[in-house]
Amino acid sequence: MRQHEIDGGARKAVFSPVDNRARVDAVVRRIGDAIELGLLADGEQLPGETELAGQLGVSTVTLREALMALRQQGLVTTRRGRGGGSFVALPEVPADDRLKARLRGWSTDELRDLGDHWAALSGAAARLAADRTEPEELDPLRRTAEDLAQAVDAGARSRLYGRFHVELAAAAQSARLTREQVALQSEVGALLCLVLADDAYREEVAERHRAVISAVQDGAHESAGTLAERCVRDATARLVAVRLSL
């Protein structure tokens, strides 16, 4: 698999056709999740309406309604005239009290169930990537792991954490796994700010991600899967501990 195909794997999943059900909501969720994960960069111009509607498999009317909803959420801005179009607007990191209020909406059982699902996705992705991906095609994962190791604020760390798991699914060459990871990160991603603010844990996570990459590179599919699962389960356990303290 060529390098540019790996680089574009996660982004291709963003712009693949959406489900027929509730298409406006599906477009809003797909693009909104990608923006919050950092798969679409702040200030990046989205494809033109006709092109984007074609990529997503929806009508231009549906796309315009979705873009209007994204503008109302502050995730997209629109500029008129020459050089205009729709542009990504990266949201500010939710305040700590807002995140805690959001976490209170989850029971500990729900968090553990989410963690089980997440671990299963990441473990499967790591095992498949170890079998399918060439060592030189892991640069996106390496860059994300190193960016996480150097990230200063909790918001950037949480986005990079989520991006790593999305890119791991893309390295597995599975569009479905990639879309599942993107959707899951929209549920849990911002909450990780509550545990990734700790510098020591940030360093621990960066090392865990490096270990996953090494196992994938070595073709050690079972080890790669186990390491990815442990990483997710530990993050989930920390979220549960925070939830219990509220």
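Use the structure listed above.
Residues numbered from 1 in each chain as written. Predicted model: local features only at pLDDT ≥ 70, side-chain atom pairs only at ≥ 80, totals over all residues. Heavy atoms only, no water.

Considerations on the overall build of the protein
(1) Moving on: In terms of regular secondary structure, the protein is built from 13 helices and 2 strands.
(2) Moving on: Over its C-alpha atoms the protein spans a radius of gyration of 18 Å, differing by no more than 12% from the 18 Å that the globule rule assigns to 246 residues.
(3) Moving on: Each of the three principal axes of the protein carries a C-alpha extent, and together these read 50 × 45 × 35 Å.
(4) Moving on: In the protein, which comprises 246 residues, the proportion classed as buried is 48%. (Helix = DSSP H or I, 4+ residues; strand = E, 2+ residues; numbered from the N terminus. Rg over C-alpha atoms; globule rule 2.2 N^0.38 Å. Buried < 20%, exposed > 50% of the residue type's maximum accessible area, 1.4 Å probe, protein only.)

Things to note about the packing of helix H7 (residues 108-132) against helix H9 (residues 154-171)
(1) Moving on: Following both chains from N to C, one finds H7 and H9 inclined at 45°, their axes separated by 7 Å at the closest point. In this view, H7 runs oblique relative to H9, as classed from their interaxial angle. In the packing of H7 onto H9, the handedness of the crossing is left-handed. Facing Trp 118, Ser 122, Ala 125, Ala 126 and Ala 129 of H7, the residues of H9 in contact are Tyr 161, His 165, Leu 168, Ala 169 and Ala 171.
(2) Moving on: Looking at the contact of H7 with H9 residue by residue, the classes come out as 8 nonpolar, 2 polar and no charged. (Axes fitted to C-alpha atoms, helices over the stretch in contact; angles between N-to-C directions. Parallel < 35°, antiparallel > 145°, perpendicular 65-115°, else oblique. Left-handed = near helix turned anticlockwise from the far one by under 90°. Contact = heavy atoms within 4.5 Å. Nonpolar A, V, L, I, M, F, W, Y, C, P; charged D, E, K, R; others polar.)

Considering the pattern of salt bridges
(1) Moving on: Applying the stated rule across the entire model yields 13 salt bridges.
(2) Moving on: Ionic pairing is found between Glu 222 and Arg 127, a salt bridge with its closest N-O pair at 3.0 Å. Here the residue Glu 222 occupies a position in helix H13 (residues 221-245), and Arg 127 occupies one in helix H7, the gap between them amounting to 95 residues.
(3) Moving on: By relative accessible area, Glu 222 is classed as partly exposed at 45%.
(4) Moving on: Glu 207 is the partner of Arg 210 in a salt bridge, and the nearest nitrogen-oxygen pair spans 2.3 Å. One end of the pair is Arg 210 and the other is Glu 207, both in helix H12 (residues 199-217) and 3 residues apart, which spans about a single turn.
(5) Moving on: Residues participating in the shared-partner salt-bridge network are Glu 204, Arg 208, Asp 234 and Arg 238. (Salt bridge = Lys/Arg side-chain N within 4 Å of Asp/Glu carboxyl O.)

Let's talk about H13
(1) Moving on: A rise of 1.5 Å per residue sets the reference length of H13, with its 25 residues, at 36 Å; its end C-alpha atoms lie 37 Å apart and thus fit the reference within 8%.
(2) Moving on: Among all positions in H13, only Ala 224, Gly 225, Ala 228, Cys 231, Val 232, Asp 234, Ala 235, Thr 236, Leu 239, Val 240 and Val 242 are buried. (Expected span 1.5 Å × (residues − 1).)

A short note on the environment of Asp 153
(1) Moving on: Along the polypeptide, Asp 153 turns up in the loop between helix H8 (139-150) and H9.
(2) Moving on: Spatially, the C-alpha atom of Asp 153 lies 9.8 Å from that of Asp 198, the residues being 45 residues apart in sequence.
(3) Moving on: Here the side chain of Asp 153 touches Gly 155 through a polar contact of 3.1 Å, landing on its backbone nitrogen. (Polar contact = N/O pair within 3.5 Å; in protein donor to acceptor, adjacent residues only side chain to side chain.)

A word on helix H10 (residues 175-188)
(1) Moving on: Given a rise of 1.5 Å per residue, 14 residues ought to cover 20 Å, and the 20 Å separating the end C-alpha atoms of H10 matches this to within 8%.
(2) Moving on: Where H10 is concerned, the buried positions are Leu 177, Thr 178, Gln 181, Val 182, Leu 184, Gln 185 and Val 188.

So, the nonpolar core
(1) Moving on: In this structure, Tyr 161, Leu 168 and Leu 192 are the most contacted members of the largest nonpolar core, which totals 49 residues.
(2) Moving on: At the level of elements, helix H6 (96-104), H7, H8, H9, H10, helix H11 (193-196), H12 and H13 are the ones that each hand at least two residues to this core.
(3) Moving on: Excluding its chain neighbours within four sequence positions, the residues that come into contact with Tyr 161 are Trp 118, Leu 192, Leu 196, Val 205, His 209, Cys 231, Val 232 and Ala 235. (Core = buried A, V, L, I, M, F, W, Y, C linked by side-chain atoms within 4.5 Å.)

Re the pairing of strand S1 (residues 76-79)
(1) Moving on: Both S1 and strand S2 (residues 85-88) contribute to a ladder of 4 bridges, which runs antiparallel. Counted as the bridge partner of Val 76 is Val 88 from S2. (Pairing = 2+ DSSP bridges.)

Details of the packing of aromatic side chains
(1) Moving on: One pass over the structure, following the stated rule, counts 1 aromatic pair.
(2) Moving on: Relative to Tyr 161, the ring of Trp 118 lies with its centre 5.8 Å away and its plane at 65°, an arrangement referred to as edge-to-face. Taken together, the positions of Trp 118 in helix H7 and Tyr 161 in helix H9 put the pair 43 residues apart, joining distant regions of the chain.
(3) Moving on: One Lys or Arg, Arg 79, reaches over the ring of Phe 87 and ends 3.8 Å from the middle of that ring. (Phe/Tyr/Trp six-rings, centres within 6.5 Å; stacked < 30°, edge-to-face > 60°. Lys NZ or Arg CZ within 6 Å of the ring centre and 35° of its normal.)

Here's the deal with the environment of Leu 196
(1) Moving on: Its place among the elements puts Leu 196 in helix H11.
(2) Moving on: Filtering out sequence-adjacent residues up to four positions away, Leu 196 remains in contact with Arg 157, Ser 158, Tyr 161, Tyr 201, Arg 202 and Val 205.

Concerning unusual backbone geometry
(1) Moving on: Even without glycine at this site, Gln 173 takes up a positive phi of about 60°.
(2) Moving on: Its location among the elements puts Gln 173 in the loop between H9 and H10.

Don't take any of this as a statement about function, it's just geometry.
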